[in-house]
2 protein chains.
Amino acid sequence: MEPLIPSSELSANSLAALRRVLGETGLLTGGAQREAYARDNSGRRFLPWAVALPKSREEVAGTLKICHEAGIPVIPRGAGTGCVGGALAIEGGLVLSTQRMNRILAVEPGDRFAVVEPGVVNAELGRRLAEQGLCWPPDPSSARSCTIGGNLAMCSAGPNAVRHGVTRHWVLGMTVILADGQTMRVGGYTTKGVVGYDLTQLLIGSEGTLAVLVEATLKLAPLPEARRTLRAAFADMDGAARAVAGIMARGEPPSALEFLDPAALELVRGTLPEVCHPLGRALLLIEVEGARAEIEERARAMRERLEAFAPVEVTVARDEAESKRIWAARHALSPTLTRIAPKRVNEDVVVPVTRLADLVAGLASISQESGVPIVGFGHAGNGNIHVNLLTDPADPTQGPRVHQALERVFDLVLALRGTLSGEHGVGIMKRDFIDRELDPESLRMQRAIKRLFDPKGILNPGKIFPIDGQ
Amino acid sequence: MEPLIPSSELSANSLAALRRVLGETGLLTGGAQREAYARDNSGRRFLPWAVALPKSREEVAGTLKICHEAGIPVIPRGAGTGCVGGALAIEGGLVLSTQRMNRILAVEPGDRFAVVEPGVVNAELGRRLAEQGLCWPPDPSSARSCTIGGNLAMCSAGPNAVRHGVTRHWVLGMTVILADGQTMRVGGYTTKGVVGYDLTQLLIGSEGTLAVLVEATLKLAPLPEARRTLRAAFADMDGAARAVAGIMARGEPPSALEFLDPAALELVRGTLPEVCHPLGRALLLIEVEGARAEIEERARAMRERLEAFAPVEVTVARDEAESKRIWAARHALSPTLTRIAPKRVNEDVVVPVTRLADLVAGLASISQESGVPIVGFGHAGNGNIHVNLLTDPADPTQGPRVHQALERVFDLVLALRGTLSGEHGVGIMKRDFIDRELDPESLRMQRAIKRLFDPKGILNPGKIFPIDGQ
């Protein structure tokens, strides 16, 4: 076992107190051990002073009590799959990992809820629920490793939000530990409830800056009996965008409505030459779901809706294998982008669906004028686009141009009545931009709520809010 | 025109200032005029000092600024259909009616949102949206008269919440006026967005105690192409409750899953003798919805699911007329109850769906032991039951027994992990009970948020929070 090297930043008293609460195996202080908690998917690195691995809500409460008294920053962490640095100890402090609080405490099919600890992995919960014909809809692309606690902290979502809504729609209640170690229960176990202010909803998406989750009551949905995948290629982005708006304007939304813009489609052609018809310049991937008895009719109706927008080609997957081949184009994008541009800037902006064509056209202009390649793809049905600026680390002159291009992207999104983040959150990556989006009164009120919940500022400091004037 | 009698409680200065902002027709001070705003559906009466009828957000802001400076209570009011006294001037003050702010400002089908002023009537919005094949799902039973502002203030819901979720799921953003007259914009125009704390969700259900709504951006859903109504009669409540839990445990939820307990069913038989099979002692009313091509299959599948729970009888309405006859039983309840017990106590408690049978059995015991007739019916699919205590004003000894019975009902609901209100809210009617339900830390935090938004306590004072220790 690695020798325990006390972090210089934690006093011997604090370390001893934390060890009494967490036990020998519940507190990591070795350099290599801490290194494992120094990164997330933002690409940034901040070494924490120590890492707490509580096993129970009592241990979380004890840990927070000590940190609150000593003024030690506490950084709640799920699986570290977040994209905005939300789980990083940017001002030092104690990373509080929920990895050992990973029990599914109850599944109640008739009541349509499950009770889970925050460290439960999204896909693991999915497997357990599927046995009973149920699901918890939120499906971030990191579902195989990300945790429910992280999903709630960031209000992260995935493709099926277009049909099922976002994470906050699927939480009934929670138990959290406040900054000073007090336990607070909010919400309930029922699908309706209007007694008092909805603190559950306030806490969801607060990125670990208001409290630490120790238990969540999740609302469940029926697992769809059947799914069908469709692919539609269009001669240009305008056609694809019109189809997206047309599909969203009428009728039941599909359970996924993803798109690849011309730049993204070109990239994927490199690895998957038969991704679509050679004349296709923009691609839509659609999934419909429903009862087995209904699914053929739904796929047929969706094909008909697509064909009204004059695609180059529409394909309905005949079986699971073909469905997988179609989705391969979407799944190939992130790895391909990471390979060709490891330091790419990945933003998850959102615009109203009908402004998608304006967004993509704007991105093309910004790319051309800045000389920074920009690739767009993502959750078209929500207008939620992953905008990737493909930076070239070998080009030292690129830095200012990338920054300028990013600023222009954000300004464009806001001019189209959009938002800077649909599912990644703010963390440290966007905190200096949010005052462009948020009304000053709203920002002022949010800061006041932060001070109310965390007067000493120990919970995930430096996240969400712009540093200036904090 | 009635002579304007200044309320003694408003200074001449305040009146003059309000009149400058609101104009002659925008401020009502006559006795009969004020009387029209003295009641809501709670049966209580509190005469306001005056009534403001602003036509714009600027007039709302100007009104609040004056009231904030002078310390005048402001009571926001929609249509006055609320059940808990939320719109009443219990400490005097100015009722701020949104009735003249009733414009639908935009409907954007492709983006699935509408922008409305708070005074728009729910059903009027529904008619306008239906022209474009869309709907705003929340459907309180007062939909024909209640306003969107009231719906958002109370997070009120109706039968279709079982499928579509509650009001808070259908709001994207809002513009509000804060207590001091400042304007604050929260949320946005997109179906995803995670920038900062979600103040939209905090404001929904805050019963006019945190801010005054002047504009809401509502998320829209497709209008279902077709609907079918089913009725299932059961020999006892247990069978009906088992069917409800069974239906909710698997598969797509119906768009309504209502029930009448034995006492409710007996009442309705008086006015509608052929309400169901003579052996039926508990009744479920179910509605399924979907595409025209799917609806017959859905009705068939629902009938099959119902029949698994051994009902006395299942009926599928063949046409709109039969559907209306079936729903007549549900709609007859409230008028019948009001006729036989004008002073009935009407609570809208919620329990997890599988505890419905326990709730109804417990209500029967409480009724028997207290001698107060209790009738239960409502939104079974959400576990949201309207519990009516049929008080007899002619019986002077009943008062304490009613109060005691009500306390036992609330204790029972909380013991079953339920909540005291699913859609009516707290107002003044339940404020003395909410500390039984809410965690003390949560209540403390909610009071602190109230002080943050409204330090002088002018917004709808005396609502939600227990008076003791406020």
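Residues numbered from 1 in each chain as written. Chains lettered and ligands numbered in written order. Predicted model: local features only at pLDDT ≥ 70, side-chain atom pairs only at ≥ 80, totals over all residues. Heavy atoms only, no water.

**Here's the deal with the overall build of chain A**
Moving on, step 1. On a plain count of helices and strands, chain A comes out with 15 helices and 18 strands.
Moving on, step 2. Relative to a compact globule of 470 residues, whose C-alpha radius of gyration would be 23 Å, chain A shows 23 Å and is just as compact.
Moving on, step 3. C-alpha extents for chain A along the principal axes are approximately 70 × 60 × 50 Å.
Moving on, step 4. The proportion of buried residues among the 470 residues of chain A is 64%.
Moving on, step 5. Put simply, 71% of the contacts in chain A that link residues at least 6 apart link residues at least 24 apart.
Moving on, step 6. Computed over 53 positive and 54 negative side-chain charges, the separation of the two mean positions in chain A equals 2 Å. (Helix = DSSP H or I, 4+ residues; strand = E, 2+ residues; numbered from the N terminus. Rg over C-alpha atoms; globule rule 2.2 N^0.38 Å. Buried < 20%, exposed > 50% of the residue type's maximum accessible area, 1.4 Å probe, protein only. Contact = heavy atoms within 4.5 Å. Lys, Arg positive; Asp, Glu negative; His and termini not counted. Charge placed at Lys NZ, Arg CZ, Asp CG, Glu CD.)

**Side note on the packing of helix 12 (residues 356–370) of chain A against helix 13 (residues 398–415) of chain A**
Residues and elements named next belong to chain A.
Moving on, step 1. Packing of helix 12 against helix 13 brings their axes to within 10 Å, and their N-to-C directions diverge by 160 degrees. It follows from the interaxial angle that helix 12 and helix 13 lie roughly antiparallel. Between helix 12 and helix 13 lies a crossing whose hand is right-handed. Residues L359, G362, L363, I366, E369 and S370 of helix 12 touch helix 13, and the partners they reach there are R401, A405, R408, V409, L412 and V413.
Moving on, step 2. A breakdown of the residues in the contact of helix 12 with helix 13 according to their chemical character gives seven nonpolar, two polar and three charged. (Axes fitted to C-alpha atoms, helices over the stretch in contact; angles between N-to-C directions. Parallel < 35°, antiparallel > 145°, perpendicular 65-115°, else oblique. Left-handed = near helix turned anticlockwise from the far one by under 90°. Nonpolar A, V, L, I, M, F, W, Y, C, P; charged D, E, K, R; others polar.)

**Some words on the packing of aromatic side chains**
Moving on, step 1. With the rule as written, the count across this model stands at six aromatic pairs over all chains.
Moving on, step 2. Aromatic pair F113(A) and Y189(A): ring centres 5.5 Å apart, planes at 55 degrees, arrangement tilted. Here Y189(A) lies in the loop between strand 9 (183–187) and helix 7 (199–203) and F113(A) lies in strand 6 (residues 113–116), a separation of 76 residues in the sequence.
Moving on, step 3. Judged by relative accessible area, which is 1%, F113(A) ranks as buried.
Moving on, step 4. With a centroid separation of 4.7 Å and an interplanar angle of 70 degrees, the aromatic rings of F410(B) and F433(B) are classed as edge-to-face. Of the two residues, F410(B) is situated in helix 13 (residues 398–415) and F433(B) in the loop between helix 13 and helix 14 (434–437); the sequence distance between them amounts to 23 residues. Taken as a pair, F410(B) and F433(B) share a single burial class, namely buried.
Moving on, step 5. Over the aromatic face of W170(A) sits the side chain of K219(A), whose NZ or CZ is 5.4 Å from the ring centroid. (Phe/Tyr/Trp six-rings, centres within 6.5 Å; stacked < 30°, edge-to-face > 60°. Lys NZ or Arg CZ within 6 Å of the ring centre and 35° of its normal.)

**Considerations on the interface of chain B and chain A**
Moving on, step 1. If you look at the interface, chain B gives 91 residues, while chain A gives 91 residues.
Moving on, step 2. The contact between chain B and chain A buries some 7,000 Å² in all, and 59% of this surface belongs to carbon and sulfur atoms.
Moving on, step 3. At the boundary of chain B with chain A, the tally comes to six salt bridges.
Moving on, step 4. Here chain B and chain A share 28 residue pairs in polar contact (both at pLDDT 80 or more) between them.
Moving on, step 5. Elements represented by at least two residues in the side of chain B that touches chain A include exactly helix 6 (161–164), strand 9 (183–187), helix 7 (199–203), helix 8 (237–249), helix 10 (292–307), helix 14 and helix 15 (440–453) of chain B.
Moving on, step 6. When residues of the side of chain B that touches chain A are assigned to their parent elements, the largest contribution, 10 residues, is made by helix 15 of chain B.
Moving on, step 7. Classifying every residue of the side of chain B that touches chain A by side-chain character gives 40 nonpolar, 29 polar and 22 charged. (Buried area = accessible area lost by both parts, 1.4 Å probe. Salt bridge = Lys/Arg side-chain N within 4 Å of Asp/Glu carboxyl O. Polar contact = N/O pair within 3.5 Å; in protein donor to acceptor, adjacent residues only side chain to side chain.)

**A few points about the packing of helix 15 (residues 440–453) of chain A against helix 15 of chain B**
Moving on, step 1. Remark: helix 15 of chain A packs on helix 15 of chain B, axes separated minimally by 11 Å, with the N-to-C direction vectors making an angle of 145 degrees. Crossing handedness for the pair helix 15 of chain A and helix 15 of chain B: right-handed. Of the residues in helix 15 of chain B, those in contact with M445(A), A448(A), I449(A), L452(A) and F453(A) of helix 15 of chain A are M445(B), A448(B), I449(B), L452(B) and F453(B).
Moving on, step 2. Across the contact of helix 15 of chain A with helix 15 of chain B, the residue classes break down as 10 nonpolar, no polar and no charged.

**Focus: the relation of the copies chain B and chain A**
Moving on, step 1. At an RMSD of 0.0 Å, chain B and chain A line up after a rotation of 180 degrees and a shift of 0.0 Å along the axis. The two molecules are tied by a two-fold rotation axis, judged by turn and shift.
Moving on, step 2. In this assembly, 100% of the residues forming the interface of chain B have copies in chain A that are likewise at the interface, indicating an isologous arrangement. (Least-squares fit on C-alpha atoms with pLDDT ≥ 70 in both.)

**Describing the nonpolar core**
Moving on, step 1. If you look at the biggest cluster of nonpolar residues, it comprises 189 residues, and the most contacted ones within it are L284(A), F453(A), L284(B), L306(B) and F453(B).
Moving on, step 2. Setting aside residues up to four positions removed in sequence, L284(B) forms contacts with L230(B), R231(B), A232(B), F234(B), A240(B), A243(B), V244(B), L257(B), E258(B), F259(B) and L306(B). (Core = buried A, V, L, I, M, F, W, Y, C linked by side-chain atoms within 4.5 Å.)

**Side note on the environment of P159(A)**
Residue and element names in this part refer to chain A.
Moving on, step 1. Its location among the elements puts P159 in the loop between helix 5 (148–154) and helix 6 (161–164).
Moving on, step 2. Taking C-alpha positions, P159 is 24 Å from P109, a pair spaced 50 residues apart along the chain.
Moving on, step 3. Contacts of P159, omitting those with residues within four sequence positions, involve D139, S255, A256, E258, H379 and N382.

**Quick look at the UniProt feature "domain: FAD-binding PCMH-type" (unreviewed entry) in chain A**
Moving on, step 1. When the UniProt feature table is mapped onto this chain numbering, "domain: FAD-binding PCMH-type" (unreviewed entry) sits at residues 44–223 of chain A.
Moving on, step 2. Across residues 44–223 of chain A, the secondary structure splits into 22% helix and 24% strand, with the terminal C-alpha atoms separated by 37 Å. (UniProt positions renumbered as here; feature names shortened; annotations may be inferred.)

**A few points about the pattern of salt bridges**
All names here are of chain A.
Moving on, step 1. Scanning the entire structure with this criterion turns up 64 salt bridges over all chains.
Moving on, step 2. Measuring nitrogen to oxygen at the nearest pair gives 2.4 Å for the salt bridge that ties R228 to E296. Here R228, found in strand 12 (residues 226–234), pairs with E296, found in helix 10 (residues 295–307); they are 68 residues apart in sequence, far enough to count as distant.
Moving on, step 3. Accessibility expressed as a relative area gives 48% for E296, which makes it partly exposed.
Moving on, step 4. Each of R163, R227, E252, E287 and E289 takes part in one network of salt bridges that share partners.

**Quick look at helix 10 of chain B**
Moving on, step 1. The terminal C-alpha atoms of helix 10 of chain B, which comprises 16 residues, lie 24 Å apart, in line with the 22 Å expected from a rise of 1.5 Å per residue.
Moving on, step 2. For helix 10 of chain B, every residue scored as buried is listed here: E294(B), I295(B), R298(B), A299(B), M302(B) and L306(B). For helix 10 of chain B, the buried positions fall inside an angular range of 140 degrees around the axis, keeping them on one side.
Moving on, step 3. Buried residues belonging to helix 10 of chain B abut helix 10 of chain A together with helix 6, strand 12 (226–234), helix 8, strand 14 (282–290) and strand 15 (313–316) of chain B. (Expected span 1.5 Å × (residues − 1). Arc of directions from axis to C-beta.)

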